[in-house]
Amino acid sequence: TLDSDNRVKIPSLPRSGWLLFPREAGLLLKSMAPRPGLSGMEAVLEQVEQLPALLAVSRSALVRDWDPLTLDRALEWARYFQHLHDRFRTRPRLRDALGRRLRRGRPSLLLSFPGLGRCPQLVGLALLENRALPPAACRRLIHGLLQPPGAEPGPEPCSLPLLARRKAASRLLALPRGPPRAPVGMEPQVQAEAQLLLNRLREEGQEAEPSGEAAGRLRWLSGVLDQLSQPRAFEVVAAALLLLRQGSCAEQAGGGGRDRNSLDGNQASAADECVAGLLLSWLLENPERFSAFCRFLPGSLLASLAGHYSQLGRPYLDLLTGWGSHLLYDPLQGRWVKSCLDKAELSWEELRERFSSLCEGSALLRGQTQAALKLLKARDGDFQVYGLSVWTDLLMEVEEYLRKE
């Protein structure tokens, strides 16, 4: 809230706003009461910087000494941070200042200004997963989530369904997994994780300003995906890109834009284009990452992505060209082999399958692939017999495959 001088007023909490954590918890979380002499906004910034510490304590074993009163104060601060988000979300300068202060508090937690709006859920989820929380405090936590202070009694509490939906979406489909294998299609758990990622990126986009926020969102995305194993991150990104394209095709098939909701549809389309741009930027900004992405995923999936996203077509063809240039013809075996067996490159059979998959796609992608192969064949001497140029052999194999199809 603001006082008559337009300054932020700190909510009155028991004992002057101190969080009264046990002494050992204070090692991680200092008093969140403002230091004397600070202006209203400076006090708010100093307190926001303590949110990462509140989350760290909520996840630690230090909560074993919490009583219900301590837990109430933690949740009250979480609701206060949510109030700051609601109050300043339409004020870009203050919002940016709060976001910078959050990142300064503990950059590894990937917090940003939208995180303030989810603070009760973040703290509540951290505590729900913490087995060190005593039974009395746990009962108070569940009661607080079911019926937050000031909420009207009713069958639809606001905090618990959000926690449940997001948690269940990633855990309910977590079926026992066998040994690692290359993905075939889109597994249910991968689809659920991809949908969760898209939802978060859309939420971040709704809070972001057009200028200066794209780099921050890309850093956030990199931080999230870097926490996954590389194969899993590649699966999730590929699935997210396919889901975005499916949504766009469904909207076009449904004739979106012809009714009074057309403006909302256009805004959603623009938001999804921004999300796709972030995912593609994450893939393409690092050549080694993009190379690993293309080695891991099957050719049919990569061809589908290249057909939907023109930004991927040329880099993917360039990558295949680089891999093909390292193949050597072995006259004793009568086939093309890797020049260095321990290098992470494709074999002749894998390369042929990748080019064939590209030619099975759209007419545009097929034309681009055949044109690239013909140009490479011409540059290599334009031979018409097998065994002299890898590009001649690839082009002849691909054309033979298309004739059979």
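Residues numbered from 1 in each chain as written. Predicted model: local features only at pLDDT ≥ 70, side-chain atom pairs only at ≥ 80, totals over all residues. Heavy atoms only, no water.

Caption draft 1: View of the packing of aromatic side chains. Taken as a whole, this structure holds 7 aromatic pairs when the rule is applied. Grouped by ring-pair contacts, the aromatic residues F234, W282, F290 and F293 constitute a single cluster. Taking the ring centre of Y309 as reference, the NZ or CZ of R245 above it sits at 5.1 Å. (Phe/Tyr/Trp six-rings, centres within 6.5 Å; stacked < 30°, edge-to-face > 60°. Lys NZ or Arg CZ within 6 Å of the ring centre and 35° of its normal.)

Caption draft 2: Seen up close, the pairing of strand β1 (residues 327-330). Pairing between β1 and strand β2 (residues 335-338): 4 bridges, direction antiparallel. The residue bridging Y329 from the neighbouring strand is W336, located in β2. (Pairing = 2+ DSSP bridges. Helix = DSSP H or I, 4+ residues; strand = E, 2+ residues; numbered from the N terminus.)

Caption draft 3: Main features of the nonpolar core. Formed by 61 residues in total, the largest nonpolar core has its most connected members in L221, L241, L279, W282, F293 and F355. Top element by residues in this core is helix α12 (residues 230-253). It accounts for 11 residues. Composition of this core by domain shows at least three residues from each of domain 2 (187-200 + 217-248 + 270-296) and domain 3 (298-404). Apart from the residues within four sequence positions on either side, W282 is in contact with L218, L221, S222, L225, D226, A233, F234, V237 and R289. (Core = buried A, V, L, I, M, F, W, Y, C linked by side-chain atoms within 4.5 Å. Buried < 20%, exposed > 50% of the residue type's maximum accessible area, 1.4 Å probe, protein only. Domains from an automatic or database assignment. Contact = heavy atoms within 4.5 Å.)

Caption draft 4: Unusual backbone geometry, seen in detail. For D382, which is not glycine, the phi torsion reads 55° and is therefore positive. Relative to the elements of secondary structure, D382 occurs in the loop between α18 (363-379) and α19 (390-404). Taking the relative accessible area as the measure of exposure, D382 reaches 40% and is therefore partly exposed.

Caption draft 5: Structural context of the side chain of Q47. Secondary-structure assignment places Q47 in helix α2 (residues 40-48). With a relative accessible area of 2%, Q47 lands in the buried category. Here the side chain of Q47 touches Y80 through a polar contact of 3.5 Å, side chain to side chain. (Polar contact = N/O pair within 3.5 Å; in protein donor to acceptor, adjacent residues only side chain to side chain.)

So, to be careful, I would describe these as geometric facts and stop short of saying anything about function.
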